[in-house]
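Each chain, letter by letter, is given below.
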Amino acid sequence: MCGVYRCISRAGAIRWPSFKLDICSNRRKAFHQSRRRSPKLKMHLSFATSITLVSLAAANPLSNRLAKRAAIDDCLRTANVPVDAPNSNDWRADSNPFNQRLKYTPVAIAVPTTVAQVQAAVSCAAKVKVKVNPKSGGHSYASFGLGGEDGHFVVQLDRMNAVTYDSATEIATVQAGARLGRVATALYNNGKRAFSHGTCPGVGVAGHSLHGGFGFSSHTYGLAVDAIVGATVVLADSSVVETSQTENPHIFWALRGAGSSFGIVTSLRFKTFAAPSQVTVFAINLPWTNASAIVQGWSTIQDWLKAEMPKEMNGRILGNRMQTQIQGLYHGSQAQLRTAIQPLLTKLNAQISQQQQYDWMGAFSYYTYGQQVDVSRPYNLVETFYSKSLVTPALPSNVLQNVANYWIQKAMSNNRNWFIIIDLYGGANSAITKVASNATAYAFRDPNNHLFLYEFYDRVNFGSYPSNGFEFLDGWVKSFTDGLTTDQWGMYMNYADPTMNRTMAQDVYYRKNLPKLRALKTELDPTELFYYPQAIQPV
């Protein structure tokens, strides 16, 4: 979900140090001389250079990063894969993370415009033995698109951002580098079509949908991952495969929930629905100024969500130091909203504080908080923050009391720009939990245990995030999980928390689906070419 009360700040540049590898000078001369020779000899010399550089790096670990950079540069140049020149404006833009707390320096950045170039990039990564990561929109909270650590090879996909629609099949084909605002705009302009996804226009469609994709139509139509009917992916052996329920269904299953661990998806096919002609934005103020008010109001909302919340209703609770509100989008008119929400208003003794009817794109624009909707590049929204997530059932009274106490006693005394989003995720009428738990690798489908999806977000507007700041959100999450069994809660990969070790992260993101995912990782990528610190681990 797109952040609330966020602003754009300028990011510092990441600069490569200048360097010279004297030991390679003769081979560099040979390479340049090879440009006048046959293409086959040119490729032979370049590959030999790469192998020699990697061997030298193994003998001298201090030269590893520089050697791998030179080796992969040679390979990419030979394969005609476009790249960002180090220290160029494009390099600085593509290596600049959304979360400024987590800056990493890639060994190289490829900027392909074709599937064949993605294949060649993956082949080079395998030859040089450097870890490779796809980067779609670059909105990863943990900077996993940059590898989550220094020295990875980044395949920046945002030059591949086409959106096409087939009116006969009602299927949209979306290249992996398109951002959500562009996708929503293109589909609405192409027959007023849509599929369920989040509200932040700059988020890349691939990372968002391959790991879930919640938004203000998910209760009605499901997650973005549920709309995927096919995907084209480049695997670790650099082959291109089509995936769907009938083509490579085992890969298709893994991509829908854990896609970044298995390959580079170059395009996705989504089933679409007709965008409603009328939707209504609404808000309900909640007087949650003390723990007892939180407990009482939360209990009322979770009972209504479990059994009564209409399919057409989509919403969240947003809390910060200033206020707490239910915010949402009703798929229908204002009059229909008032009828549908009245049972909850009666139980809360509350009133609608805001309501406005829009067309589909008007409502999407409303929840972007003034950001450009149809955005591609350059994309320069950055923040400095720490974030965590949860998925939980309805909270027992003792847990609810602990959570409410923490909210009032700890959160309200924190002067940083924090917020909590409690998405109204599950319930009897939710499209999300009607999907079978084993249908995709995405884990959270239980109508009993998966009622709420949470985002905890703590940001600083200037300077560095404080070293003692992490305990704030860690403690808040602990106030939930201490009273729940491990099979009752999980965490959401799209709000990745890099402070977790790999074992814990895999478990809480994938739960019962992890053993099957690990077996597939062993089959498809046993050497972990596609790696980041919380990627699926082979058996």
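Data block above holds the structure.
Being a predicted model, the structure only gives us computed values, none of them experimental.

Asker: What exactly am I supposed to notice about the sheet that holds strand 2 (residues 132–135) here?
Answerer: In a beta sheet, neighbouring strands are held together by backbone hydrogen bonds and run either parallel or antiparallel to one another. Strand order in the open sheet made by the 3 strands is 1-3-2, with parallel pairing throughout. One side of each edge strand has no neighbouring strand; the edge strands of this open sheet are strand 1 (108–110) and strand 2. Ignoring strand direction, the axes of neighbouring strands in this sheet form an average angle of 25°. Strand direction decides the pairing type here: strand 1 and strand 3 (residues 153–156), joined by 3 bridges, are parallel. When the bridges of strand 3 are listed, alanine 108 appears paired with phenylalanine 153.

Asker: Hey, could you run me through the pattern of salt bridges in this one?
Answerer: Side chains bearing opposite charge may pair, as long as their charged atoms lie close to each other. For the coordinates displayed, the defined rule picks out 24 salt bridges. For glutamate 170, the salt bridge goes to arginine 193, with nearest N and O atoms at 3.4 Å. Of this pair, glutamate 170 sits in the loop between strand 4 (163–166) and strand 5 (171–175) while arginine 193 sits in strand 6 (residues 193–194), placing them 23 residues apart in sequence. Salt-bridge contacts for aspartate 497 lead to lysine 388; the nearest nitrogen and oxygen are separated by 2.5 Å. One end of the pair, aspartate 497, is in the loop between helix 15 (470–481) and helix 16 (502–510); the other, lysine 388, is in strand 15 (residues 384–392), with 109 residues separating them in the sequence. For the residue pair aspartate 497 and lysine 388, the accessibility class agrees, reading buried in each case.

Asker: Sorry, what's going on with the nonpolar core here?
Answerer: One broad rule of soluble globular proteins: the nonpolar side chains tend to lie buried together. In this structure, Phe153, Trp298, Ile341, Trp407, Tyr454 and Trp476 are the most contacted members of the largest nonpolar core, which totals 149 residues. Dropping the residues within four chain positions of it, tryptophan 476 is found in contact with Val403, Tyr406, Trp407, Ala411, Trp418, Ile420 and Phe456. Core analysis: the second largest hydrophobic core is formed by 15 residues, Phe216, Leu329, Met361 and Phe364 among them.

Analysis parameters
Residues numbered from 1 in each chain as written. Predicted model: local features only at pLDDT ≥ 70, side-chain atom pairs only at ≥ 80, totals over all residues. Heavy atoms only, no water. Pairing = 2+ DSSP bridges. Helix = DSSP H or I, 4+ residues; strand = E, 2+ residues; numbered from the N terminus. Axes fitted to C-alpha atoms, helices over the stretch in contact; angles between N-to-C directions. Salt bridge = Lys/Arg side-chain N within 4 Å of Asp/Glu carboxyl O. Buried < 20%, exposed > 50% of the residue type's maximum accessible area, 1.4 Å probe, protein only. Core = buried A, V, L, I, M, F, W, Y, C linked by side-chain atoms within 4.5 Å. Contact = heavy atoms within 4.5 Å.

By themselves, these figures tell us nothing about what the structure is for.
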